[in-house]
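Spelled out, the chains give:
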Amino acid sequence: MTKEAIYHELADSVLSFDADVVVQASRKGLEMGLGPTEIIADGLGKGLETIGKKFEEGEFFLMHLMAAADAVKTAMSEVLEPEMVKTNTETKPLGRVVIGTVAGDIHDIGKNIVAAMAIAGGLEVHDLGKDVPVAEFLRKAKEVRADIVGASALLSTTLPIQHDIVRAFDSERLRGNVKIMVGGAPVTEEWVREIGADSFAENASEAVKVAKQLLNAKS
Ligand code: HCB
């Protein structure tokens with residue numbers, strides 16, 4: 001079986017809206033030698049993208065988004081996250097990351113993947129969950145003396161909250177110590193420049209790479 005064929009099978013499994021089918025396809029992906037990030041980025045993520053498009057076009061409804069998201073979350077917690085975390089061989093964390101999905105936004109699949117990959121990459125991760133107020137990002141970052149804050153946003157209506165986060169850290173004069181990495185499907189490099197964030201990442205492995213670059217730049 002080619003890699004492409006497994007990617008197709010993974011993407012199609014999401015369109016079954018059945019957690020067992022997605023779990024099975026993910027296990028098969030691992031058995032065939034794919035890494036958990038590949039399984040998500042090139043397989044399950046493509047399935048979610050298709051569902052998002054069909055939702056936009058009116059072919060699918062909210063219940064479809066919810067069922068697909070539940071199925072992917074099951075595969076992540078049962079199969080993929082444990083695999084990611086297994087690869088962490090660091091004994092001392094390389095740096096501290098506070099991460100969350102911004103206020104008004106409950107899309108947390110991508111953020112969860114970034115958090116799991118960051119742990120696997122040897123970072124100490126404080127996951128605030130979803131729908132997180134700006135003040136909570138600030139409070140937690142101060143409490144744990146975070147090096148990096150990761151803010152995820154998936155909606156055009158919640159994207160501006162990333163700007164609010166940058167401004168909040170600016171006004172508390174924390175930007176020297178805390179680097180801000182934004183992410184989520186609608187985030188572009190242009191947006192990062194516009195709001196004055198430190199960086200962004202298109203996917204979870206990129207996020208870990210960027211986080212390590214930000215840490216190196218700090219030290
Ligand atoms: Co949702 N939804 N949704 N949704 N949803 C999107 C995002 C649309 C694009 C679908 C569409 O219309 N085409 C759309 C947004 C349009 C827009 O604003 N321009 C949309 C909408 C409209 C809505 C509702 C408003 C629908 C409604 O109620 N009428 C509603 C909003 C609820 C709310 O948040 N207040 C809603 C609800 C839902 C759920 C709950 C049913 C479900 C989310 C479940 C969950 O997350 N627990 C859902 C889903 C699943 C989606 C789609 C289909 C998939 C999102 C996803 O998980 N992608 C999405 C369609 C799409 O995005 N194409 C659709 C896969 C992950 C892996 O990608 O980009 O999140 P990611 O993360 C990447 C990457 O960005 C980066 O790394 C991750 C891993 O590789 N990254 C970071 C992410 N965060 C980072 C942080 C960092 O610091 C660094 C990197």
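Heads up: the structure comes first, above all this text.
Now for a description of the structure that goes with this document. (Residues numbered from 1 in each chain as written. Predicted model: local features only at pLDDT ≥ 70, side-chain atom pairs only at ≥ 80, totals over all residues. Heavy atoms only, no water.)

1. Observations regarding the site of the ligand
In plain terms, the rule: Residue proximity to a molecule or strand is established when one non-hydrogen atom of the residue lies within 4 Å of it. For the purposes of these results, a polar contact is taken to be a pair of N or O atoms within 3.5 Å, where, inside protein, one atom must be able to donate a hydrogen and its partner to accept one; residues adjacent in sequence count only when each atom of the pair is a side-chain atom. Here a cavity denotes grid points, spaced 1 Å and computed from the protein atoms alone, that fit a 1.4 Å probe unable to get out, and a pocket denotes an open set having protein on both sides within 12 Å along at least 5 of 7 lines; residues with an atom within 4 Å of a point are the lining. More than half of a molecule's atoms lying within 2 Å of a cavity's or pocket's grid points is what places that molecule inside it. Numbering of helices and strands runs from the N terminus; a helix is a DSSP stretch of H or I covering at least four residues, while a strand is a stretch of E covering at least two. Under this grouping Gly is polar, as are all residues other than the nonpolar Ala, Val, Leu, Ile, Met, Phe, Trp, Tyr, Cys and Pro and the charged Asp, Glu, Lys and Arg. An automatic or database domain assignment is the source of the domain bounds shown.
Near the ligand there are 34 residues, and of these Ile106, His107, Asp108, Ser152 and Ser156 occur at the shortest range. At 3.4 Å, a backbone N or O of Ile109 approaches an oxygen atom of the ligand. A distance of 2.8 Å separates a nitrogen atom of the ligand from a polar atom in the side chain of Ser152. Structurally, the ligand is housed in the largest pocket. Elements that contribute at least two residues to the shell around the ligand include exactly helix H3 (36-56), helix H4 (62-86), helix H5 (109-120), strand S3 (148-152) and strand S4 (179-183). Split into classes, the residues belonging to the shell around the ligand amount to 18 nonpolar, 10 polar and 6 charged. Formed jointly, the shell around the ligand draws a minimum of three residues from each of two domains, domain 1 (3-88) and domain 2 (96-218).

2. Some remarks on the nonpolar core
Quick reminder of the rule: Throughout this description, the term nonpolar core refers to a set of buried Ala, Val, Leu, Ile, Met, Phe, Trp, Tyr and Cys residues connected via side-chain atoms within 4.5 Å. Relative accessibility decides the category of a residue: with a 1.4 Å probe and only protein chains considered, values under 20% of the type maximum give buried, values over 50% give exposed, and everything between is partly exposed. Here, two residues are considered to be in contact whenever any of their heavy atoms come within 4.5 Å of each other.
By size, the foremost hydrophobic cluster in this structure holds 43 residues, and its most contacted members are Leu44, Ile113 and Met181. Counting residues per element, the ones that place at least two in this core are helix H1 (3-14), helix H2 (19-31), H3, H4, strand S1 (96-101), H5 and helix H9 (204-218). Domain assignment of the residues forming this core places at least three in each of domain 1 (3-88) and domain 2 (96-218). If near-sequence neighbours (up to four positions away) are discounted, Ile113 is found in contact with Ile40, Met76, Met84 and Ala204. Residues Ala153, Leu159, Leu174 and Val178 belong to the second largest nonpolar core, which totals 28 residues.

3. Digging into the side chain of Ser13
Among the structural elements, Ser13 can be located in helix H1. Judged by its relative accessible area of 3%, Ser13 falls in the buried class. Ignoring anything within four residues of it in the chain, the contact list for Ser13 reads Val21, Val22, Ala25 and Leu44.

4. So, the coordination of the cobalt atom of the ligand
Spelled out, the test is: The donor set covers N, O and S atoms within 2.8 Å of the metal, switching to 3.2 Å for Na, K and Ca, and it leaves out water, so a site may look short of donors.
Of all protein atoms, His107 (NE2) alone acts as a donor to the cobalt atom of the ligand, lying 2.3 Å away. Mapped onto the elements of the fold, His107 is located in the loop between S1 and H5.

5. Re the packing of aromatic side chains
Rules: Any two of the Phe, Tyr and Trp rings considered here, Trp counted by its six-membered ring, make a pair once their centres fall within 6.5 Å; the pair's planes then place it as stacked at under 30 degrees, edge-to-face at over 60, or tilted in between. By definition here, charges over rings are those cases where NZ of Lys or CZ of Arg is within 6 Å of the ring centre and within 35 degrees of the ring normal.
Tallied over the full model, the rule gives 1 aromatic pair. Relative to Phe60, the ring of Phe17 has its centre 5.6 Å away and its plane inclined at 75 degrees; by these criteria the two rings are edge-to-face. In this pair, Phe17 sits in the loop between H1 and H2 while Phe60 sits in the loop between H3 and H4, placing the two residues 43 residues apart along the sequence. Of the residues examined, Phe17 reaches a relative accessible area of 24% and is grouped as partly exposed. The buried category is assigned to Phe60, whose relative accessible area is 13%. A cation sits over an aromatic face here: Lys54 above Phe60, 6.0 Å from the ring centre.

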